[in-house]
Amino acid sequence: MSKLIELTNASVTYQIRHGASPTLKETIIRSLKREQKDVRVKALNGVTFDVEAGEVLAVIGRNGAGKSTLLKLLARVLPPTSGRVQIKGSVAPMIELGAGFNGELTGRENVVLYGTLLGRSPREMESRSDSIAKWADLEESIDLPLRTYSSGMVAKLAFSVATDVPSEVILVDEVLSVGDAEFQKKSKERMRELFRGKSAVVLVSHDLESIRSLATKAIWIDHGRVKKYGEVNSVLDSYLNA
Amino acid sequence: MSQNYDSAARPRIFRDTFLALWHHRALIQILVKRDIAVRYKRSSLGLLWTLLNPLLTSLVLWFVFITIFSARLPDGTQFAPYLFAGVLTVTFFTQGFNQSADSIAQGAGILTKVYIPPQVLAFSGSLSNAVNFLFGLVALAVISLITGDGISIEAPLTIFVIICMLMYVTGLGLMVAILYIRYDDTRSIFGILISFMMYLSPIFYPKEILSERMLTIVNANPLTSYLDVFRHVFSNTGVATTSDWLYMSLSSAFIFVIGIRIFSRAWPKTVVML
C-alpha cells in the first residue's frame with residue numbers, strides 16, 4: 001500500500017503577541033523599550049504518523065489539543081516549523097465548508113469558483129454543476145444569487161461540491177451533520193462511500209460513535225503531543241479511560 | 001497539475017511563484033471574472049459603472065482645472081485627454097495596489113483552509129485592475145477622438161505599460177500584504193504614502209508649470225515615468241524620454257522581484273497570524 005500522508009516528527013510553533021491588536025507603532029516602541037518578548041507556543045510537538053490509501057485516520061483530543069493545527073498542516077496551509085510533511089496527490093479539505101463562497105454570484109457560479117479553489121478545472125465544474133445542484137436538492141435555486149440562500153442551503157451546496165469527486169486525500173472537520181435530517185442521512189451515506197474508496201482520509205471529530213464505525217485507525221493528541229496512535233478501538237478505549 | 005507536496009523540499013522562490021501562477025491560471029481567470037462581475041452586478045449601470053468612477057473623477061478635475069489652466073496645455077494639446085489618461089493610470093496604480101495588498105488579508109478565510117498560493121490572489125487583484133484599465137482605454141480613445149488629439153500609431157505599445165504596471169503593483173502589493181497582516185496600523189500609513197505619490201506625479205498638472213526643484217522630485221517618482229510613456233504612446237499628449245522608458249521598466253522589474261522575494265521569505269511566519 002502507498003502512504004499518501006506521511007508526517008515525520010512535525011512540530012508547529014506559534015508566536016503569540018501581547019496586547020489586543022498588534023500595531024507597528026507599538027511594536028517599535030516595545031522593541032525600543034526592550035520589554036515583553038513574544039511568547040512561543042508549541043501547538044504540535046513531534047507528531048509522526050502516516051495514512052495509506054483506503055485508510056481512515058480519526059484525530060481525537062480535547063479542544064486546544066492541536067487538532068485544527070494538524071488539519072492546517074495536512075491542508076498545506078501551514079508549513080511545519082520543524083519536521084517533515086509529505087503528501088501525495090490532491091487534497092480535498094472539508095473544513096468549514098463554504099469558505100470562498102460569494103453572495104453576489106449565483107449558486108452555479110459559486111460551484112465553479114469553489115471547485116476551482118479546491119483544484120478542479122472550471123470546465124469540469126461547469127459540466128458537473130447540474131448534478132451537483134441536483135444532489136443538494138437545489139435545482140430550482142441554482143441560478144439565483146447565493147445571498148438569497150439560507151445557511152442550510154449554502155452548507156448543502158458546499159458539501160455537494162466538496163464530495164462530488166473523490167480526491168487522494170480527504171480532510172474532514174466535523175461536517176457530518178449538514179442540513180436537515182433527511183439530508184444528514186444522505187450526506188452520511190455519501191461520506192461512508194467516500195471513506196470506503198481509495199482515498200486517505202483524516203477525520204477530526206468529537207463524535208466517538210461515528211469514529212468507531214468509520215475510522216480504521218486513530219491518533220490521540222494532547223497538548224500538541226501524540227498520546228496514543230494505533231488501531232481505532234484501542235486508542236478510543238485509552239482516551240475514554242483517561 | 002502535479003500535487004505532491006514535501007515540506008522539506010528546498011523552496012526555489014521564483015520558479016515556485018511562476019509555476020504557482022501558471023498552475024492556477026484557471027483560478028486567476030475566475031477570480032478576475034468574479035471581481036469584475038461583482039463590481040457591475042451591484043449596479044443597474046452594469047459594466048459602465050467601472051468606467052463611471054474615473055470619468056467622474058476626471059470631470060470634476062477638469063472643471064476645477066479648466067478655470068486655472070485653459071482647455072489647452074502650454075504646448076497646445078487638449079487638457080481633457082491628458083487628464084483622463086492620468087486619472088486612468090493612477091486609478092490602475094492605486095486600486096491595483098490596494099486590491100493586491102488587501103487580497104491576502106481578505107482571503108484569510110480561504111487561505112487558512114484550502115491550499116492556494118497567496119501570490120495567486122495578489123496577482124488576480126492587480127490583473128482585474130488591468131482589465132478595468134483596458135475598459136478605460138476605450139473611453140479615452142473616444143475622448144481623444146472628440147478633442148481632435150486622435151490616437152497614435154504607437155498605441156499598441158500601451159500593452160508594455162500595462163505589463164510594467166502589473167509587475168509594479170503586484171510587487172508592491174505582496175510586500176505590503178505582509179505588513180497589513182502583521183500590523184493593523186500600516187493600512188493608514190500606506191494610504192497617506194499613496195496619495196503623496198499621486199500628488200507628486202503629473203496627473204492633472206502639466207510638468208511645465210513645475211519649478212526646477214519640484215520637477216526633479218516629480219521625475220524621481222516612478223509613477224511619472226508611467227504617465228509620460230502612456231500619454232506618449234497612446235495619443236502623443238506627453239513626452240517620453242529614454243530615461244522614462246528605462247525608469248518604468250527597471251523599477252517595475254525591481255519591485256516585482258523584491259516583492260516576490262520578501263513575500264516568499266516572510267509568508268511562512270505570517271500565515272500563522274491570519
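Quick caveat, the model's predicted, so the values are computed rather than measured.

We now examine the overall build of chain B. Each helix and strand in chain B was counted, giving 11 helices and one strand. What you see in chain B, going N to C, is helices and strands ordered as β-α-α-α-α-α-α-α-α-α-α-α. Computed over its C-alpha atoms, the radius of gyration of chain B comes to 20 Å, within 12% of the 19 Å expected for a compact globule of 274 residues. Each of the three principal axes of chain B carries a C-alpha extent, and together these read 65 × 45 × 35 Å. By residue count, 53% of the 274 residues in chain B fall in the buried class.

Another point: the confidence of the model for chain B. Residue and element names in this part refer to chain B. With 94% of its residues at a pLDDT of 70 or more, chain B has an overall mean of 88. At the low end of the mean pLDDT range in chain B sits helix α3 (residues 48–68), at 76; at the high end sits helix α7 (residues 158–182), at 96. The complex model carries a pTM of 0.89, and its ipTM stands at 0.86.

This part is about the layout of surface pockets. Residue and element names in this part refer to chain B. Its boundaries defined by the atoms lining it, the second largest pocket holds a volume of some 510 Å³. Forming the walls of the second largest pocket are 21 residues, and the residues nearest its centre are Arg34, Asp35, Gln99, Ser103 and Gln106. Those elements giving two or more residues to the lining of the second largest pocket turn out to be α2 (25–41), α4 (79–106), α5 (108–111) and α6 (118–147). Top contributing element to the lining of the second largest pocket by residue count: α4, with six residues. Grouping the constituent residues of the lining of the second largest pocket by class yields four nonpolar, 12 polar and five charged.

Each partner contributes residues to the interface: chain A has 40 residues there, and chain B has 34 residues. Buried area between chain A and chain B, summed over both chains or domains, comes out near 3400 Å², and the portion from carbon and sulfur atoms is 63%. For the interface between chain A and chain B, the tally reads one salt bridge. Salt-bridge contacts for Asp6 of chain B lead to Arg84 of chain A; the nearest nitrogen and oxygen are separated by 2.4 Å. Across the contact surface, chain A and chain B share four residue pairs in polar contact (both at pLDDT 80 or more). Breaking the side of chain A that touches chain B down by element, the ones donating at least two residues are α1 (24–33), β4 (82–87) and α3 (107–117) of chain A. Along the lines of polarity and charge, the residues of the side of chain A that touches chain B split into 19 nonpolar, 12 polar and nine charged.

A few words on a nonpolar patch on the surface. Residues Ile16, Val39 and Val41 of chain A make up a contiguous nonpolar surface patch of roughly 210 Å² in combined accessible area. Classification of Val41 of chain A by relative accessible area gives partly exposed; the value is 32%.

For the rest of this paragraph, the subject is the pattern of salt bridges. Note that side chains of opposite charge can pair when their charged atoms are close. All names here are of chain A. If you walk through the whole model with that rule in mind, you get 15 salt bridges over all chains. Of the charged contacts, one joins Asp237 and Arg212 as a salt bridge, the two residues approaching to 3.5 Å between their closest N and O atoms. You can see Asp237 sitting in helix α8 (residues 232–241) and its partner Arg212 sitting in helix α7 (residues 208–214), a full 25 residues away along the chain. Here Asp237 falls in the partly exposed class, since its relative accessible area comes to 36%. The network of salt bridges with common partners includes Lys3, Asp50, Glu55 and Lys217.

Residue and element names in this part refer to chain A. An order of β5-β6-β7-β3-β8-β9 is seen for the six strands of this open sheet, with the pairing classed as mixed. Single-partner strands in this sheet number two, and they are β5 (91–94) and β9 (225–231). The average undirected angle you get between the axes of adjacent strands in this sheet is 15°. Here strand β3 (residues 56–60) pairs with strand β7 (residues 200–204) via four bridges, running parallel. Directly across from Ala58, in β7, lies its bridge partner Leu203.

When two helices pack together, their arrangement is given by the angle between the helix axes and the distance between those axes. Residues and elements named next belong to chain B. The interhelical angle for the contact between α6 and helix α10 (residues 222–235), taken along N-to-C directions, is 55°, at an axis separation of 12 Å. Classified by the interaxial angle, the pair formed by α6 and α10 is oblique. You can see that α6 and α10 cross each other, and the crossing is right-handed. Every residue of α10 that contacts α6 at Phe133, Leu137, Leu140, Ala141 and Ser144 is listed here: Phe230, Phe234 and Ser235. Here the residues of the contact of α6 with α10 are counted per class, giving six nonpolar, two polar and no charged.

Residue and element names in this part refer to chain A. Two elements in contact, helix α4 (residues 122–135) and helix α5 (residues 151–162), have axes whose closest approach is 9 Å; the angle formed by their N-to-C orientations is 130°. Taken as axis vectors, α4 and α5 run oblique relative to one another. Two packed elements cross with a definite hand, and for α4 against α5 that hand is right-handed. Residues Met125, Ile132 and Trp135 of α4 form the contact with α5, whose own contacting residues are Leu157, Phe159, Ser160 and Val161. The residue inventory of the contact of α4 with α5, partitioned by class, reads six nonpolar, one polar and no charged.

Rules of the game
- Residues numbered from 1 in each chain as written.
- Chains lettered and ligands numbered in written order.
- Predicted model: local features only at pLDDT ≥ 70, side-chain atom pairs only at ≥ 80, totals over all residues.
- Heavy atoms only, no water.
- Helix = DSSP H or I, 4+ residues; strand = E, 2+ residues; numbered from the N terminus.
- Rg over C-alpha atoms; globule rule 2.2 N^0.38 Å.
- Buried < 20%, exposed > 50% of the residue type's maximum accessible area, 1.4 Å probe, protein only.
- pLDDT = per-residue confidence, 0-100.
- 1 Å grid on protein atoms, 1.4 Å probe; cavity = no way out; pocket = protein on both sides within 12 Å on 5 of 7 lines; lining within 4 Å.
- Points joined across faces, edges and corners; volume = space filled by probe spheres on them.
- Nonpolar A, V, L, I, M, F, W, Y, C, P; charged D, E, K, R; others polar.
- Contact = heavy atoms within 4.5 Å.
- Buried area = accessible area lost by both parts, 1.4 Å probe.
- Salt bridge = Lys/Arg side-chain N within 4 Å of Asp/Glu carboxyl O.
- Polar contact = N/O pair within 3.5 Å; in protein donor to acceptor, adjacent residues only side chain to side chain.
- Patch = residues over 30% accessible without salt bridge, like charges linked within 9 Å, V, L, I, M, F, W, Y side chains within 5 Å.
- Areas by Shrake-Rupley, 256 points an atom, 1.4 Å probe, with all protein chains shown as cover.
- Pairing = 2+ DSSP bridges.
- Axes fitted to C-alpha atoms, helices over the stretch in contact; angles between N-to-C directions.
- Parallel < 35°, antiparallel > 145°, perpendicular 65-115°, else oblique.
- Left-handed = near helix turned anticlockwise from the far one by under 90°.

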